[in-house]
Amino acid sequence: MTGRATLAGGLALLTGLTLAGCSTEGSPELKVVGAFMPQPVSDIAAAFLVVENAGSATDRLTAVTSPISDHVTIHETKGRAMRMVASFEVPAQGELDLERGGNHIMFDELKRQPKKGQKISVQLHFEKSGPITVELPVEETTYNPAKQ
Ligand code: CU
């Protein structure tokens, strides 16, 4: 009996060590939720979404591409001004919020005019994770999920 207990204890210890070894390597686990584009009123559009990171490593959103524009950039909003940034952090066990009135994705020189009900394909590029393709539903111009 004592022998078995020792063996079981030994296995539990080994398993614990293996798990600890995995978690120290760490990797981001990204998921995109709540994505949308308000129907634009000119040849410039914005898009909003949340990137959730369930992983144990921080990642960064570094670029966004889309067939609808060759000029897609990521912008931060400070007060009433916005400016382009090189990347946004997606913290480990946290999220990156791109929301109305705040940070956003910006599309300049739209190749066609997105209309409510359509979907716009975008690809999000990250420092560590592979690219994620998102189909952005086009909502009405004033749509704001935070105020629903
Ligand atoms: Cu902007």
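Structure: above.
Caption draft 1: Representation of the overall build of the protein chain within the structure. If you tally the helices and strands in the protein chain, you get one helix and ten strands. Start at the N end of the protein chain and walk to the C end: the helices and strands fall as α-β-β-β-β-β-β-β-β-β-β. Across the 148 residues in the protein chain, those meeting the buried criterion constitute 33%. When contacts within the protein chain are restricted to residue pairs at least 6 apart in sequence, long-range pairs at least 24 apart make up 70% of them.

Caption draft 2: Seen up close, the packing of aromatic side chains. Enumeration according to the criterion identifies two aromatic pairs in this entry. Here Phe 36 and Tyr 143 contribute two aromatic rings whose centre-to-centre distance is 4.9 Å and whose plane-to-plane angle is 85°, an arrangement assigned as edge-to-face. A residue pair is termed long-range when its members are at least 10 positions apart, and Phe 36 in strand E1 (residues 30-38) and Tyr 143 in the segment after strand E10 (132-139) qualify at 107 residues. Under the relative-accessibility criterion, Tyr 143 is labelled partly exposed at 21%. In textbook terms, an aromatic cluster arises when at least three aromatic residues are bridged by ring pairs, as seen for Phe 36, Phe 48 and Tyr 143.

Caption draft 3: How the structure looks around the nonpolar core. Formed by 27 residues in total, the largest nonpolar core has its most connected members in Leu 61, Ile 105, Phe 107, Leu 124 and Leu 136. What Leu 124 contacts, discounting residues up to four positions off in sequence, is Val 32, Leu 49, Val 51, Leu 61, Ala 63, Val 64, Ile 105, Pro 131, Ile 132 and Val 134.

Caption draft 4: Here's a closer look at the side chain of Glu 76. Of note, Glu 76 is situated in strand E4 (residues 71-78). According to the relative accessible area criterion, Glu 76 is buried, its value standing at 13%. Apart from the residues within four sequence positions on either side, Glu 76 is in contact with Ala 81, Met 82, Arg 83, Val 85, Phe 88 and Asn 103.

Caption draft 5: Region of the structure containing the coordination of the copper ion. His 75 (ND1), Met 82 (SD), His 104 (NE2) and Met 106 (SD) make up the full set of protein donors to the copper ion, lying at 2.1 to 2.2 Å. Relative to the metal, the four donor atoms surrounding the copper ion lie at angles of 96 to 124°, and the coordination shape comes out tetrahedral. Spacing between the donor residues of the copper ion along their common chain follows H-x6-M-x21-H-x1-M. In this structure Met 82 comes out as partly exposed when scored by relative accessible area, which is 43%.

Caption draft 6: Highlighting the environment of Ala 92. Along the chain, the position of Ala 92 falls in the loop between strand E6 (88-90) and strand E7 (94-98). Judged by relative accessible area, which is 27%, Ala 92 ranks as partly exposed. The contacts of Ala 92, once residues within four sequence positions are left out, are Asn 53, Gly 55, Ser 56, Ala 57 and Thr 58.

Caption draft 7: Spatial organisation of the pairing of E10. As paired elements, E1 and E10 share two bridges and run parallel to each other. When the bridges of E10 are listed, Pro 38 appears paired with Glu 139. Relative to E10, strand E9 (residues 119-126) is paired through six bridges, and the arrangement is antiparallel. Note that in E10 the partner of Leu 124 across the bridge is Ile 132.

Caption draft 8: How the structure looks around the pattern of salt bridges. Taken as a whole, this structure holds four salt bridges when the rule is applied. Here Lys 78 and Glu 76 are joined by a salt bridge, their closest N and O atoms 3.7 Å apart. With a closest N to O distance of 3.8 Å, Lys 116 and Glu 140 form a salt bridge. In this pair, Lys 116 sits in the loop between strand E8 (104-108) and E9 while Glu 140 sits in the segment after E10, placing the two residues 24 residues apart along the sequence. Residue Glu 140 is classed as partly exposed on the basis of its relative accessible area of 40%. Three or more residues joined by partner-sharing salt bridges are found here, namely Glu 76, Lys 78 and Arg 83.

Criteria and cut-off values
- Residues numbered from 1 in each chain as written.
- Predicted model: local features only at pLDDT ≥ 70, side-chain atom pairs only at ≥ 80, totals over all residues.
- Heavy atoms only, no water.
- Helix = DSSP H or I, 4+ residues; strand = E, 2+ residues; numbered from the N terminus.
- Buried < 20%, exposed > 50% of the residue type's maximum accessible area, 1.4 Å probe, protein only.
- Contact = heavy atoms within 4.5 Å.
- Phe/Tyr/Trp six-rings, centres within 6.5 Å; stacked < 30°, edge-to-face > 60°.
- Core = buried A, V, L, I, M, F, W, Y, C linked by side-chain atoms within 4.5 Å.
- Donors = N, O, S within 2.8 Å, 3.2 Å for Na, K, Ca; no water.
- Tetrahedral: all angles 85-135°; square planar, octahedral: opposite > 155°, others 65-115°.
- Pairing = 2+ DSSP bridges.
- Salt bridge = Lys/Arg side-chain N within 4 Å of Asp/Glu carboxyl O.

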